[in-house]
Structures are given as C-alpha cells and as structure tokens.
Amino acid sequence: MSLESIFTSVIQQHHQPGTGIVLGLSGGLDSRVMLELLANHAKQTNIPCLAVHVHHGLSDNADQWAEQCQRWCQSLDVPLVIERVRLDLEGRSVEESAREARYSALRKHLNTGDLLLTGQHADDQVETFLLALKRGSGPKGLSSMAAVMPFANGQIVRPLLSVTRQEIESFAQASKLEWIEDESNQDQRFDRNFIRHQITPLVTGRWPHFYQSVQRSAELCAEQESLIEELVADKLSAAQSQDGSLEINDLAALSPLLRLRLIRSWLASHGLRMPTRTQLLNIWQEVAMAQKDANPQLVLAGGQVRRYAHRLYLVKEWQSLEQWQSRLEIEQPCTLPDGLGQVRLSRSQHGQLSLDALKEGELRVTFDPEGLSAHPSQRGHSRKLKKLFQEYGVPSWLRRRTPIVMCDQRVVAVGNLFIDRHFIGQDCELIWDNSESVR
C-alpha cells in the first residue's frame with residue numbers, strides 16, 4: 001500500500017464534512033512529507049488546511065527553519081502560521097517543555113471537529129514504547145501513541161504511525177523533497193536519540209517485524225487500560241462528591257489495588273500528570289491515613305493532594321493573595337485576582353445588608369483573615385475568623401481564597417458564608433460571582 005493511499009485512507013476515515021485540517025510542521029522529514037501529502041489531498045478535495053510551525057528558538061538555525069517552511073508552504077499554496085514560544089524549564093526537561101509549548105501553540109488553531117496531523121511514524125512508536133518500558137510504566141504508559149485521540153476541540157491524527165522512517169525517506173527521495181535536519185537529533189545524551197541510533201537498528205535488524213509487534217502490544221495495552229477505566233468508572237463516581245473530592249471511608253473499604261487505581265483515575269480526570277507509584281502510595285498512607293489533627297498534603301506536578309473532613313481534595317497551584325486588597329464601591333463590580341470572579345454590592349429590596357451601615361466607612365475587599373473577628377448574625381457572640389472558617393467547614397486552603405468585605409476595620413461579610421450582625425439590613429445585596437465560592 002503506497003504512502004499516499006495510507007494517508008488518504010486515514011484522513012477519509014476521520015475527517016468530518018465542514019471541518020478543516022491543521023498540520024504541525026516542524027520541517028523535518030516526516031512533517032515535510034506530510035505537508036506534501038496534505039497539499040495534494042487538499043487540492044483534490046477542497047478541504048481547508050493550515051500548517052503551523054512552532055519556533056522554539058532552541059537552535060541557532062531556528063529562523064532559517066521557519067523561513068524554509070514558509071517557502072515550502074507558499075509553493076504548495078498551503079497557509080502557514082509561525083508560532084514563537086518560550087519554554088518553561090522549571091522542574092522539567094527541555095524535551096518535555098518543548099512538547100508542552102508546541103501542543104499549546106497548536107491547540108489555538110483548532111476549530112471544533114478539526115484534525116491536527118502530526119508526523120510520528122513507526123520508529124517513533126518503538127522509541128516511545130521502549131522509553132515507557134525503561135521507566136517501568138504500566139499499561140497506560142506502554143499504550144504509547146494512539147493513531148487517533150481527542151485533542152482540544154478536535155482530534156490528533158497520526159496517519160503515518162504504521163509507516164517506518166525508511167519508507168518515509170524513500171518517498172521523500174523519490175519525490176525529490178528537501179527537509180530540515182535538526183542537529184539535536186544526533187545528540188545521544190537524550191534517551192530518545194540513544195534508542196533511535198543505537199537500539200532500534202539492532203532490534204529491527206534482527207527482528208524486522210518488531211515494528212508491528214510493538215504496535216500490537218501498544219494497542220493491547222490501550223485496550224486493557226480502556227477496559228479497566230470502564231470497570232472502575234462506577235466505583236469512582238460513587239466515591240466522588242460534586243466538588244470533586246474523594247470519600248476516604250469509601251476508599252478504605254476497597255482492596256489496595258483497586259484503591260490505587262481509583263486514585264489514579266481520579267487524578268487523571270482532573271488532568272494531572274500521572275504520579276509515580278510511590279507517590280500514589282503516599283497519597284493514601286501519608287495524606288488519607290495521617291493523624292486526625294494533622295493537615296497533610298502531597299505536592300504533585302500541577303497541584304497538591306490534601307485531606308479535609310474525611311475527604312481527599314486536589315488543590316491547584318495558586319498565587320498568594322494575602323497582600324491583595326481593593327476598594328469596593330456600591331454598584332461597581334470588583335474583579336478579584338487569580339480567576340476568583342467578581343464581588344459587588346447591589347441595591348436590592350430583598351437584600352441582607354444595610355446601606356446606611358455600609359456608609360459608615362471605606363469599603364474594601366481583602367483575602368487576609370489574620371487577626372480579624374466577626375459576629376455572624378446567626379451566632380450569639382463574636383469569634384476570630386480562623387475559628388469561624390473551621391465552624392463553617394471551609395478547608396484550610398480556601399480560607400485565604402475567600403473574599404472578606406471590610407468597612408474600615410470591621411468585617412462586613414465573608415464570601416457567601418455569613419454577614420456580620422452590625423451590617424444586617426434589607427436594602428443591599430452582596431454577590432460573589434465565582435465557581436469556587438464556598439457554600
């Protein structure tokens with residue numbers, strides 16, 4: 001089966017009428033061949049297509065590569081967008097950071113139902129499989145790369161995943177195509193390059209069908225992973241509350257293996273990168289099973305797992321808001337930092353606040369409860385906010401993400417929790433418009 005036939009068959013299988021195709025164009029051999037195949041297919045079918053070149057700036061030749069991609073696209077009448085990105089290298093390898101930046105840039109150009117084409121081939125699949133094996137991965141990691149998978153508003157499609165690099169290069173040479181050779185691909189300090197240059201040639205030289213064997217094993221692992229997810233879905237739903245937390249007592253009733261699996265699935269459902277097996281064990285042993293008076297937490301990439309009121313919570317990485325404050329005016333929305341929505345005081349005949357009391361001083365919003373006290377209208381006496389947060393069941397990590405409305409040095413209200421009795425009335429309403437608000 002020719003390369004053109006393989007490409008066309010995959011596109012016809014997954015493309016939906018009225019949608020477009022986006023190509024991730026690095027300019028290397030595989031994506032250069034894909035550009036040629038896509039241009040020919042688009043001319044025959046009139047499918048709208050776009051090439052996106054991500055400029056990482058990692059090589060001295062990066063500008064030349066972008067210019068070369070521009071020339072190729074112009075000659076083939078394929079629109080091109082060049083995305084310049086900066087890498088966040090904190091706590092991550094260059095490879096990982098570049099990959100995240102690349103997909104983040106590509107994501108912006110997908111409309112609903114579009115296909116994102118990437119040029120991974122059979123050799124890349126072997127490398128990914130062996131890297132997962134080196135890390136001691138389970139079925140999920142050994143699933144390697146899927147030929148098709150959901151991404152952003154559409155799907156990632158890898159039309160050449162069953163084709164070897166040698167077959168792609170033969171096509172390029174026969175078509176007299178030029179492509180970019182990234183000098184970093186020769187650096188065997190990178191594990192993937194070491195496998196590419198040292199391991200794959202030996203293995204495939206002895207066992208020519210190793211490509212197909214890896215693909216079959218990856219597909220079997222993917223099937224097993226999907227089956228496991230299907231089987232545990234109901235148990236996860238039963239243990240998870242509406243706020244996304246997990247009931248520890250429900251987890252304790254399960255076998256250790258099923259418990260770990262549910263925690264893995266829970267983390268994955270929140271989009272977290274999968275932790276190590278040791279970290280998974282620590283979530284249960286050091287967080288869920290910590291002493292009752294402890295405030296345990298386990299830091300993971302992208303968040304923390306914490307315990308409160310016999311439940312496990314996944315807490316995102318947030319900026320500190322202790323120093324933030326802003327003036328508040330009647331009928332003027334106050335935008336809160338870090339995506340916490342808006343607070344506003346609005347005149348209302350059915351409110352719970354007194355306008356006259358609010359006019360006794362300058363109004364402001366703060367997030368720092370340190371040293372503050374209040375007398376909720378439902379309580380018989382005044383108490384420190386620290387104690388009130390505990391009584392109202394606010395988890396410790398949300399106590400400095402709950403807006404406190406102040407009138408000079410007096411607490412007016414705390415989020416949606418309570419109003420101080422001094423400010424009780426009927427002609428003003430406090431509205432905190434935010435999905436994270438404490439209820």
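Residues numbered from 1 in each chain as written. Predicted model: local features only at pLDDT ≥ 70, side-chain atom pairs only at ≥ 80, totals over all residues. Heavy atoms only, no water.

Draft legend 1. Region of the structure containing the overall build of the chain. Looking only at helices and strands, the chain has 14 helices and 20 strands in total. Taken over C-alpha atoms, the radius of gyration comes to 28 Å for the chain, far larger than the 22 Å a tight globule of 439 residues would show. For the chain, buried positions account for 47% of its 439 residues. The long-range fraction of contacts in the chain, counting pairs at least 24 apart against all pairs at least 6 apart in sequence, stands at 66%. Accessible surface, the chain: about 23700 Å² in total, of which carbon and sulfur atoms supply 47%. (Helix = DSSP H or I, 4+ residues; strand = E, 2+ residues; numbered from the N terminus. Rg over C-alpha atoms; globule rule 2.2 N^0.38 Å. Buried < 20%, exposed > 50% of the residue type's maximum accessible area, 1.4 Å probe, protein only. Contact = heavy atoms within 4.5 Å. Areas by Shrake-Rupley, 256 points an atom, 1.4 Å probe, with all protein chains shown as cover.)

Draft legend 2. Local environment of the pairing of strand β1 (residues 21–24). The alternating pattern of β1 places Ile21 and Leu23 on one face and Val22 and Gly24 on the opposite face, and all of these are buried. Judged from the three bridges that link them, β1 and strand β4 (residues 115–117) form a sheet pairing that is parallel. Counterpart to leucine 23 in the pairing with β4 is leucine 117. Where β1 and strand β2 (residues 49–55) come together, four bridges link them in parallel fashion. (Pairing = 2+ DSSP bridges.)

Draft legend 3. Summary view of the domain arrangement of the chain. Examined at the domain level, the chain breaks down into domain 1 (3–218), domain 2 (244–316) and domain 3 (325–433). The C-alpha-based centres of domain 1 and domain 2 are spaced at 35 Å. (Domains from an automatic or database assignment.)

Draft legend 4. The side chain of aspartate 420, seen in detail. Mapped onto the secondary structure, aspartate 420 falls in the loop between β19 (418–419) and β20 (428–433). Here aspartate 420 occupies a buried position and makes no salt bridge, while the nearest side chain of opposite charge, arginine 410, is found at 4.6 Å. Of the polar contacts made by the side chain of aspartate 420, one reaches the backbone nitrogen of histidine 375; its length is 2.7 Å. With sequence-adjacent residues up to four places away left out, aspartate 420 is seen in contact with Ala374, His375, Val411 and Val412. (Lys, Arg positive; Asp, Glu negative; His and termini not counted. Salt bridge = Lys/Arg side-chain N within 4 Å of Asp/Glu carboxyl O. Polar contact = N/O pair within 3.5 Å; in protein donor to acceptor, adjacent residues only side chain to side chain.)

Draft legend 5. Representation of a negative patch on the surface. Residues Asp356, Glu360, Asp408 and Asp427 make up a contiguous surface patch of negative charge. Relative to the helices and strands, glutamate 360 is located in the loop between α13 (355–358) and β14 (363–366). (Patch = residues over 30% accessible without salt bridge, like charges linked within 9 Å, V, L, I, M, F, W, Y side chains within 5 Å. Charge placed at Lys NZ, Arg CZ, Asp CG, Glu CD.)

Draft legend 6. The arrangement of the UniProt feature "binding site: ATP" (unreviewed entry) in the chain in detail. Under the local residue numbering, the UniProt record ascribes the feature "binding site: ATP" (unreviewed entry) to Ser26, Gly27, Gly28, Leu29, Asp30 and Ser31. Tracing the backbone shows glycine 28 in the loop between β1 and α2 (29–45). The residues contacting glycine 28, other than those within four sequence positions of it, are Trp179 and Ile180. Here serine 31 shows up in helix α2. (UniProt positions renumbered as here; feature names shortened; annotations may be inferred.)

Draft legend 7. Representation of the sheet that holds strand β17 (residues 404–407) within the structure. Reading across the sheet, the five strands line up as β11-β14-β17-β18-β19 and stay open at both edges, with antiparallel pairing between neighbours. The open sheet has two free edges, formed respectively by β11 (325–327) and β19, since each of these has just one partner strand. Taken together, the two bridges between strand β18 (residues 410–414) and β19 define a ladder with antiparallel strand orientation. In the strand pairing of β19, alanine 413 is matched with isoleucine 419.

Draft legend 8. Up close: helix α1 (residues 3–14). Helix length check: α1 (twelve residues) gives 17 Å between terminal C-alpha atoms against 16 Å at 1.5 Å per residue, within 8%. Among the residues of α1, those classed as buried are Leu3, Ile6, Phe7, Val10, Ile11 and His14. Looking straight down α1, one finds its buried side chains confined to an arc of 125 degrees; they lie on one side. Exposed side of α1, more than 90 degrees from the buried face: Gln12 and Gln13 are the residues found there. Residues of α1 that are buried make contact with β1, α2, β4, β5 (148–151), β6 (154–157) and α7 (165–174). (Expected span 1.5 Å × (residues − 1). Arc of directions from axis to C-beta.)

Draft legend 9. The UniProt feature "domain: Lysidine-tRNA(Ile) synthetase C-terminal" (unreviewed entry) in the chain, seen in detail. Within the UniProt annotation, "domain: Lysidine-tRNA(Ile) synthetase C-terminal" (unreviewed entry) is assigned to residues 363–432. For residues 363–432, the end-to-end C-alpha separation is 15 Å, with 10% helix and 34% strand making up the annotated structure.

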